[in-house]
Every structure is written in C-alpha cells, then in structure tokens.
Amino acid sequence: MEIRTTFHKRLREIQDDVLVMGSMVEKAIGRAITALKNRDMALAHQIVADDRNVNDKRFEIEEKCIQLIATQQPMASDLRVIVSVLNIITEIERIGDYALGIARIAVLIGDEPPLKPLIDLPRMAEKTQDMLHRSLDALVSRDAESARKIAAEDDEVDNLYDQVFRELLTFMAEDPKTITRATRLIWAAHNLERSADRVTNICERVVFVVTGKMEEIEASKY
Amino acid sequence: MADGVAALETRNLELWYGGFRALRDISMAIPRTQVTAIIGPSGCGKSSLLRCFNRMNDLIPGARVVGEVLFDGRNIYDAGVDATEIRYRIGMVFQKPNPFPKSVFDNVAFGPRVNGMDDNLEEMVERALHRAALWDEVKDRLRRSATELSGGQQQRLCIARALALEPEVILMDEPCSALDPAATLKIEDLMRSLAGDYTIVIVTHNMQQAARVSDMAAFLMMEEDRAGILVEYGPTSRLFTNPKDKRTEDYITGRFG
C-alpha cells in the first residue's frame, strides 16, 4: 500500500518540470543554430530573451526540491532523485547558456557574408539535442544502461567538433581575412561540444539515482 | 563482525510467545560503543527483539527463546546465567519515563544501594546525572520528588538511573515517543554523547530519529505467519541512502508501512 501519495506525487511533478525545462533548452539549441544558419537576427534576440524563462524554471524546480527536503524528509531513492535533480537542473541551465552563447555569436556575425554552408554544426546540435532528450528520459525511466550508452555517444560530438575545427583551420590558413568569421564558428562549435559534455554529467546523475553509486563517466576527450 | 568488536550477538534467534513465533532466524552482531537502531512497522517484533538482549522476555509467561544471544562470548540464555546480573550490565530505558515516586537522588541511587554499592553514593549519583546531561537542571533539587520533573527530564533521569549501575549496554525502547520535539532532540544528543563509552540499542518508530542517532540500523518486518525477520542490517549511512533490499527501500520511502 502506497502511503506517501502526496509526497510521491510532488516528486513526480518535479521530474515532469525537469522534462519541461529540458525541452525548453533542447528547443533553444535548435533555434540558436537556425539563427546562426539563416542569419536570423530576430530569432537570435528572441533566444537571448527566452533564456530568462529557462533560469526561472530552474529556480522554480530548485525551490520545490528544497521544500520537499525541508518538509518531507526524503530517504533512499527518493533522496537520490531530489539531490540529482538539483544537480541536473544546473547542467540543463548551463546548456541553455551555451545555446544563448550561440545566439550571441549569431548576432555578432550579423550579416557578414557566410564563410561556408553550415553542415557539421547543425549535426552537432542535433546530436546534442538528442542526447539531452534521451538522458532526461533515462532519468524518468530510471534506466542506468541507457544513461551510460548516451554518455558514450559524446564521442560523436567530439569527432564532429574535430572535423569543424580542422575545416575552419584550412579556411584561415588559406585566407587570413576569414579568421574572424571562422573563429566565431569555432566558438559556436565549442559551445555545442561543452553542451554534450554537460549531458554526460546528467547521465552520471541518472546512474546515481538508479544504483546509488557515483561513477565518473569519462566520455569526453576535451 | 570480528570477535571483540561485537557487544552483543544473536545467532539464529527465535522468540516464541506460547505457540506464536514472534521472531525468526535473527542473526546480527551489535557493535560495541556504537548506536544501533532497530526500525520496522508496528508489530514486527522490534521491542520483542530488544527485550531478548537482556532477558526481559523471561518475565512474560509462555515466552521462550531458541538460538543464542551472546554477550561477552557467552549465551545469556545458558543455564546458570543470572538474569538479574545480565540486566545490571545491560540496562534498559522504556517508552514512558518511569521514575520511582522518590526523590531525584534516590532514583539514581536506587540501583547502587540495592547492590550494596553505597560507598561514595553522592559522587556516583552526581556522575550519573552529569553523564545523562541532567545535573545542571536538578543539582538544586536533588531531594525533591522526581515526579516534579518535566517528561524529558524524567526520561534523562531514567537514563541516569541506568547509568548509575555502570552498564555496558543500554537498551532504549522508543525512549522519545512520549516527549516533545525539544526534549527528543536532547535525548538524541545525549545518546550521541554516550556512544563511545556505552553500546546503545534503540527501538524507534521514528525513522528520522534512527537516521540521526544511529551508526548501524536494522530493518525488521513481519512475514506472512506474522513472525518478525531481519530484512536488512548495515551502516545507517548506507541503509538510508541506498538500501540493498527492495523491502527496506519501500519501507523507508513510505511505499508501504
């Protein structure tokens, strides 16, 4: 017989909130890359403005977690979920900041002529969005196996990052006039690379929720 | 647990009340000078188990123990063991404070007097009251009746009364259930200060209390035949954050009770 129905309902609501926050940031990554690709200044400014909502959501979830700890004395897996959520929302919020960073880069680039069509950057973004989405699914479904697998996929993002970096380097080597534009694109790629690393941190937390063990997943070579 | 570290150890302990088996196959080692908490749902046999540790169940007609309770390497249920002596060395504090209707001093002096330990009685009483963190509150009213004390003070007096006999182990059966939160926290604080010198075993319904005060925690529950079994026993820090057994997890997270 379930006894603490109210408490467990509130704990589920918190996890739903985490999914909502995750999807806000997932969307922000996609829109930031679109803004960069299409030189869409309005969209870029919108992303900058929307980041506030992500931060608000984070504080809202944090407040709910603190309330549950203070009033419900969570134990065992419930305690691990709450503590992990507190960590995970920090990671998501930071990924949101990286998306914001890309939007700012889009504003910086403005209407300079495009250096090249963007192909690998959108692929990095898609992969990162997918990893973020699935890591939060793994949290909700308590799937440590998936979490470990998702963290391992960070290699793909790293490889794309290498590719972007090498390619832009050749542009710069050939024509020093491209250095400013190429460097900005490297910044954008770096933001995505870091975002995927944050997802591996989320995966570590998911493993902790399920197993009770803190294990460092050293997926990233950066 | 290595020899010499356990203060008390049960081996395949069973407790019967007439034809009803209240405890089945309890094997656990209580570490010396630490606090061990016993938790579990109502009726699972927590208090029955606690009473096995100093043969308090002897006083219940029809109660019978099978298996062993080792204290100093000796089964306390062996023929020839003096139950009264065991109870001096393994003291007990109960749910409701039960001071004698005597003065504060006489309450603490009672045990030593009965045992003919009445040299330096004043010193003995003062030491016990100090250890029970009660001295400062009662030093000017030692000759007043113990029943004038508050509930929390009375419970600390009962702890002082047990300490006056210089026990090695103190068993506490729900020692705070009749106390307000402030008095409860004082008793918990006292338990922590006594650990290190005494072995304490506490039965509590209050999981947070078990989590706060104990070094080791044991989770008991009832099986279908209503016999209490030991589901999980381990360090408190692990039991409350990452229990191994699903039944422990379900109980401490309130998914059943």
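As shown above, the structure is provided for reference.
Definitions and limits used
Residues numbered from 1 in each chain as written. Chains lettered and ligands numbered in written order. Predicted model: local features only at pLDDT ≥ 70, side-chain atom pairs only at ≥ 80, totals over all residues. Heavy atoms only, no water. Helix = DSSP H or I, 4+ residues; strand = E, 2+ residues; numbered from the N terminus. Rg over C-alpha atoms; globule rule 2.2 N^0.38 Å. Contact = heavy atoms within 4.5 Å. Areas by Shrake-Rupley, 256 points an atom, 1.4 Å probe, with all protein chains shown as cover. Core = buried A, V, L, I, M, F, W, Y, C linked by side-chain atoms within 4.5 Å. Buried < 20%, exposed > 50% of the residue type's maximum accessible area, 1.4 Å probe, protein only. Expected span 1.5 Å × (residues − 1). Polar contact = N/O pair within 3.5 Å; in protein donor to acceptor, adjacent residues only side chain to side chain. Phe/Tyr/Trp six-rings, centres within 6.5 Å; stacked < 30°, edge-to-face > 60°. 1 Å grid on protein atoms, 1.4 Å probe; cavity = no way out; pocket = protein on both sides within 12 Å on 5 of 7 lines; lining within 4 Å. Points joined across faces, edges and corners; volume = space filled by probe spheres on them. Nonpolar A, V, L, I, M, F, W, Y, C, P; charged D, E, K, R; others polar. Salt bridge = Lys/Arg side-chain N within 4 Å of Asp/Glu carboxyl O.

## Examining the overall build of chain A
And step 1. From N to C terminus, chain A includes seven helices and zero strands.
And step 2. Reading the helices (α) and strands (β) of chain A from amino to carboxyl end gives α-α-α-α-α-α-α.
And step 3. The C-alpha atoms of chain A give a radius of gyration of 19 Å, which matches the 17 Å a tight globule of 222 residues would have.
And step 4. For the C-alpha atoms alone, the extent of chain A along its principal axes is close to 70 × 35 × 20 Å.
And step 5. The contacts in chain A between residues at least 6 apart in sequence include a share of 84% that link residues at least 24 apart.
And step 6. Summed over its atoms, the accessible surface of chain A is roughly 10400 Å², and 53% of this surface lies on carbon and sulfur atoms.

## Some words on the nonpolar core
And step 1. By size, the foremost hydrophobic cluster in this structure holds 66 residues, and its most contacted members are Val18, Leu36, Leu121 and Met124 of chain A.
And step 2. Elements with a contribution of two residues or more to this core: helix H1 (5-38), helix H2 (41-72), helix H3 (76-109), helix H4 (120-141), helix H5 (144-152), helix H6 (154-174) and helix H7 (179-211) of chain A.
And step 3. Setting aside anything within four residues of it in sequence, one finds Val18 of chain A in contact with Ile61, Val85, Ile88, Ile89, Ile92, Leu136 and Leu139 of chain A.
And step 4. Val104, Val138, Ile170 and Ala183 of chain B belong to the second-largest nonpolar core, a separate cluster that totals 51 residues.

## Considerations on H3 of chain A
Working note: α-helix, 3.6 residues per turn, so residues spaced by three or four point in the same direction.
Residue and element names in this part refer to chain A.
And step 1. Compared with an ideal rise of 1.5 Å per residue, which puts 34 residues at 50 Å, H3 spans 50 Å between its outermost C-alpha atoms and is within 8% of the ideal.
And step 2. Extensive coverage of H3 is indicated by the burial of 24 of its 34 residues.
And step 3. Phi for Gly110, located one or two positions after H3, is positive at around 55°.

## Observations regarding the side chain of Ser135 of chain A
Residue and element names in this part refer to chain A.
And step 1. Here Ser135 shows up in helix H4.
And step 2. Within the local environment of Ser135, its side chain forms a polar contact with the backbone oxygen of Leu132, the two atoms lying 2.8 Å apart.
And step 3. Apart from the residues lying within four places of it in its own chain, the contact partners of Ser135 are Ile150, Val199, Ile202, Cys203 and Val206.

## What about unusual backbone geometry?
Residue and element names in this part refer to chain B.
And step 1. At Asn12, a residue that is not glycine, the phi angle is positive and equals roughly 45°.
And step 2. As for its placement among the helices and strands, Asn12 is situated in strand S1 (residues 6-17).
And step 3. The exposure class of Asn12 is partly exposed, given its relative accessible area of 47%.
And step 4. Phi is positive for Glu174, close to 50°, though the residue is something other than glycine.
And step 5. Looking at where Glu174 falls in the secondary structure, it is placed in the loop between strand S7 (169-173) and helix H7 (181-194).
And step 6. On the accessibility criterion, Glu174 (8% relative accessible area) is buried.

## Describing the packing of aromatic side chains
Residues and elements named next belong to chain B.
And step 1. Evaluation of the coordinates by the stated rule reveals two aromatic pairs over all chains.
And step 2. An angle of 50° between the planes, with centres 4.7 Å apart, marks the rings of Phe100 and Phe110 as tilted. Residue Phe100 is located in the loop between strand S6 (90-93) and helix H3 (104-114), and its partner Phe110 is located in helix H3; the two are separated by 10 residues in the primary sequence.
And step 3. Taking relative accessible area as the criterion, Phe100 reaches 26% and is therefore assigned partly exposed.

## Here we look at the layout of surface pockets
And step 1. In this structure, the largest pocket encloses a volume near 500 Å³.
And step 2. Along the wall of the largest pocket there are 19 residues; nearest its centre are Arg87, Tyr88, Phe100, Arg161 and Leu165 of chain B.
And step 3. For the lining of the largest pocket, the elements supplying multiple residues, two or more each, are helix H2 (83-89), S6, H3 and helix H6 (151-163) of chain B.
And step 4. The biggest single contributor to the lining of the largest pocket is S6 of chain B, with four residues.
And step 5. The class makeup of the residues in the lining of the largest pocket is 12 nonpolar, five polar and two charged.
And step 6. Lining the second largest pocket are 15 residues, with Leu11, Gln15, Asp78 and Arg142 of chain A together with Arg255 of chain B sitting closest to its centre.
And step 7. Mapped onto the lining of the second largest pocket, the elements with two or more residues apiece are H1 and H3 of chain A together with helix H10 (246-252) of chain B.
And step 8. In terms of residue count, H1 of chain A provides more of the lining of the second largest pocket than any other element does, five residues in total.
And step 9. A breakdown of the residues in the lining of the second largest pocket according to their chemical character gives three nonpolar, four polar and eight charged.

## Here we look at the pattern of salt bridges
And step 1. According to the stated counting rule, one finds 47 salt bridges over all chains in the structure shown.
And step 2. Between Glu215 of chain A and Arg148 of chain A there is a salt bridge, with its nearest N and O atoms 3.1 Å apart. Here Arg148 of chain A lies in helix H5 and Glu215 of chain A lies in the segment after H7, a separation of 67 residues in the sequence.
And step 3. Its relative accessible area of 29% is what places Glu215 of chain A among the partly exposed residues.
And step 4. Residue Arg148 of chain A is classed as partly exposed on the basis of its relative accessible area of 28%.
And step 5. Residue Asp215 of chain B is joined to Arg192 of chain B by a salt bridge in which the shortest nitrogen-to-oxygen separation is 3.3 Å.

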